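Inside the fold
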Amino acid sequence: TPETVTEVSIEQAEEDVEGATEAPELRPLHGADGRAQTAKGKQTGATDFTSAKWQPNEARGLRTISGGKGKMPAFKGTLSADQIRAVWNYVRSFK
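As the structure is a prediction and not an experimental result, all values here were calculated from the model. (Residues numbered from 1 in each chain as written. Predicted model: local features only at pLDDT ≥ 70, side-chain atom pairs only at ≥ 80, totals over all residues. Heavy atoms only, no water.)

**So, the packing of helix α4 (residues 58-67) against helix α5 (residues 81-92)**
Two elements in contact, α4 and α5, have axes whose closest approach is 10 Å; the angle formed by their N-to-C orientations is 120°. The angle between α4 and α5 falls in the class oblique. Helix-helix and strand crossings are classified by hand; for α4 and α5 the assignment is right-handed. Residue-level contacts link Glu58, Gly61, Leu62, Ile65 and Ser66 of α4 to Ile84, Arg85, Val87 and Trp88 of α5. A breakdown of the residues in the contact of α4 with α5 according to their chemical character gives 5 nonpolar, 2 polar and 2 charged. (Axes fitted to C-alpha atoms, helices over the stretch in contact; angles between N-to-C directions. Helix = DSSP H or I, 4+ residues; strand = E, 2+ residues; numbered from the N terminus. Parallel < 35°, antiparallel > 145°, perpendicular 65-115°, else oblique. Left-handed = near helix turned anticlockwise from the far one by under 90°. Contact = heavy atoms within 4.5 Å. Nonpolar A, V, L, I, M, F, W, Y, C, P; charged D, E, K, R; others polar.)

Okay, here's the thing in structure tokens:
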């Protein structure tokens, strides 16, 4: 079962992914608020992480961040396992 995301874990996730959340591929798609209302997010159909339609699934989320999906690039070669988990925690914080 996924752990509840606390303010402390969100802060830690943001620190752990310093630079990763600023990566050219991430914010232009999902936006700083996770709503995917950016021009590129709308164009590519990026996931709105605040939507009731999006149901967080840790295994799927970690796999998608690591290996990519559709137009989303893989981050496995760019980020460490801890950073990938931190990105997942950051994404979950939008819910």
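**A closer look at the confidence of the model for the protein chain**
Note: predicted coordinates in regions of low pLDDT should not be interpreted at a detailed level. Considering every residue of the protein chain, the mean pLDDT works out to 79; 73% of them sit at 70 or more. The weakest mean pLDDT in the protein chain belongs to helix α1 (residues 7-16) at 49; the strongest belongs to α4 at 95. With pLDDT under 50 throughout, residues 1-10 is counted as low confidence; its partners more than four residues away or in other chains account for 9 contacts. (pLDDT = per-residue confidence, 0-100.)

**Topic: the nonpolar core**
Core analysis: the biggest nonpolar cluster contains 12 residues, these being Phe49, Trp54, Leu62, Ile65, Phe75, Leu79, Ile84, Val87, Trp88, Tyr90, Val91 and Phe94. Contributing elements (two or more residues each) for this core: α4 and α5. The leading source of residues in this core is α5, at 5 residues. (Core = buried A, V, L, I, M, F, W, Y, C linked by side-chain atoms within 4.5 Å. Buried < 20%, exposed > 50% of the residue type's maximum accessible area, 1.4 Å probe, protein only.)

**Here we look at unusual backbone geometry**
One non-glycine residue, alanine 36, lies in the positive phi region at around 60°. The class of alanine 36 is buried, set by a relative accessible area of 5%.

**With respect to the packing of aromatic side chains**
Overall, the coordinates contain 4 aromatic pairs when judged by the stated rule. Relative to tryptophan 54, the ring of phenylalanine 49 lies with its centre 4.9 Å away and its plane at 65°, an arrangement referred to as edge-to-face. A single burial state applies to phenylalanine 49 and to tryptophan 54, both of which are buried. Three or more aromatic residues joined by ring pairs form one cluster here, namely Phe49, Trp54, Trp88, Tyr90 and Phe94. (Phe/Tyr/Trp six-rings, centres within 6.5 Å; stacked < 30°, edge-to-face > 60°.)

**Here we look at the environment of arginine 35**
Residue placement: arginine 35 occurs in the loop between α2 (27-30) and α3 (39-44). Residue arginine 35 is classed as partly exposed on the basis of its relative accessible area, which comes to 42%. Note: C-alpha distance between arginine 35 and phenylalanine 94 (59 residues apart in sequence) is 8.6 Å. What arginine 35 contacts, discounting residues up to four positions off in sequence, is His30, Asp48 and Thr50. Within the local environment of arginine 35, its side chain forms a polar contact with the side chain of threonine 50, the two groups lying 3.1 Å apart. (Polar contact = N/O pair within 3.5 Å; in protein donor to acceptor, adjacent residues only side chain to side chain.)

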